[in-house]
Amino acid sequence: MPSNPGAWITVTARRKALDRIRRANRYAEKQVELARETPLTSGAIDVDDEDEPVIADDRLRLIFTCCHPALAIEARIALTLRTLGGLTTPEIARAFLVPEVTLAQRLVRAKKKIRDAGIPYRVPPDHLLPERLDAVLRVLYLVFNEGYAASSGDALIRRELCAEAIRLGRVLTDLMPDEPEAIGLLALMLLQDSRRASRIDAAGDLVLLEDQDRSRWDGVEIDEGRGFVERALRMRRLGPYQVQAAIAAVHADALRSGETDWPQIVGLYDELLRLEPTPIVELNRAVAISMAFGPERALLILDSLTEADTLPGYHLLPAARADTLRRLGRFEAAATAYGTAAELAPNATERAFLTRRRHEMDVLAHGRLD
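Here's a quick rundown of the structure. These figures come from a predicted structure and were not determined experimentally. (Residues numbered from 1 in each chain as written. Predicted model: local features only at pLDDT ≥ 70, side-chain atom pairs only at ≥ 80, totals over all residues. Heavy atoms only, no water.)

## Focus: the packing of aromatic side chains
How two aromatic rings sit relative to each other is given by the distance of their centres and the angle of their planes.
Next up, step 1: Taken as a whole and assessed by the stated rule, the structure comprises two aromatic pairs.
Next up, step 2: Centroid distance F144 to Y148: 5.7 Å. Interplanar angle 20 degrees. Geometry classified as stacked. Taken together, the positions of F144 and Y148, both in helix α6 (residues 130-148) and four residues apart, correspond to about one turn of that helix.
Next up, step 3: Relative accessible area serves as the criterion here: at 3%, F144 is assigned to the buried category.
Next up, step 4: Residue classification places Y148 among the buried positions, given a relative accessible area of 13%.
Next up, step 5: The side chain of R106 reaches across the aromatic face of F96, ending 5.7 Å from its centre. (Phe/Tyr/Trp six-rings, centres within 6.5 Å; stacked < 30°, edge-to-face > 60°. Helix = DSSP H or I, 4+ residues; strand = E, 2+ residues; numbered from the N terminus. Buried < 20%, exposed > 50% of the residue type's maximum accessible area, 1.4 Å probe, protein only. Lys NZ or Arg CZ within 6 Å of the ring centre and 35° of its normal.)

Rendered as structure tokens:
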């Protein structure tokens, strides 16, 4: 109970009112920006008069509007992130693991298609929302990821992006309560966000998951996230976000790093790889295998990914390989891999951590610092 409840209510109400005014102003600005960047025959962003949608949140309405099924899914996601998500073209390119010029061309082609085809920017009626849901979920996922581990700048965490993605995730699950992947994504974001306070130490340095002070994890977010995982899985329509949330829940179940059920996590990654066979999933699965069954098996997978060059320029692949080599006692090779990862890392906090690790491996290998 606040010491002065009346004053607390007044201040809280004022802040809520300011937030609503800001959101309304931002909505109007984005309407103008969309109309300016992509001239349309309709000349405006309108609600379908025949079947008024049920989306109450202005920003979520705009996200559904931008995720038009006439565009290729990656194009609509990129366009939405650029226009509404607060991400720059380089940040979006890193999220898609493509060169910046490729992403810029993709945005130009999407805008051209909208203009040439006369695609209207209309908020879809509620019965058409499911066909846009996959793209909307991906937008929220990528916005959260950029907030959780910023792809540029000095700060590792962009709290405002995480908070907005979670807020929109809540609105979306209220809007579509029978969509297990929407619930799974909200669970994943809550469980990941629960670790935020422990990911950076007092000096601003990165702290790995295995070294984090778990007493600082947010128990309220963990409990809520677990509840959403269970609710989604009960629907028996499994999807990638639900599996990722289940993996995060297994981490949250361990009071100490050494108690983590790594074999179960490997099993979940096996299922995720079946649902989403991507190099990123293979990389994360290899890390889990290293923890569950030893670094030798993991190194075979990581070397295969490196040789296949399926993740060019992605710093977490050499970083994972470096950590595996470190665990094997191959310090000189680990130093080289850490150096490669540091050169590729776009974020200053991660780059500093990887550079320190490279120096540590040099000391272990040669007894000296470069």
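More follows now that the structure is in view.
## Overview of the packing of helix α15 (residues 331-344) against helix α16 (residues 348-366)
Next up, step 1: In contact at an axis separation of 8 Å, α15 and α16 are set at 160 degrees when each is read in the N-to-C sense. In this view, α15 runs roughly antiparallel relative to α16, as classed from their interaxial angle. Every pair of crossing elements has a handedness; the one defined by α15 and α16 is left-handed. Contacts between α15 and α16 involve F331, E332, A334, A335, Y338, G339, A341 and A342 from the first element and R351, L354, T355, R357, R358, M361, D362, L364, A365 and H366 from the second. (Axes fitted to C-alpha atoms, helices over the stretch in contact; angles between N-to-C directions. Parallel < 35°, antiparallel > 145°, perpendicular 65-115°, else oblique. Left-handed = near helix turned anticlockwise from the far one by under 90°. Contact = heavy atoms within 4.5 Å.)

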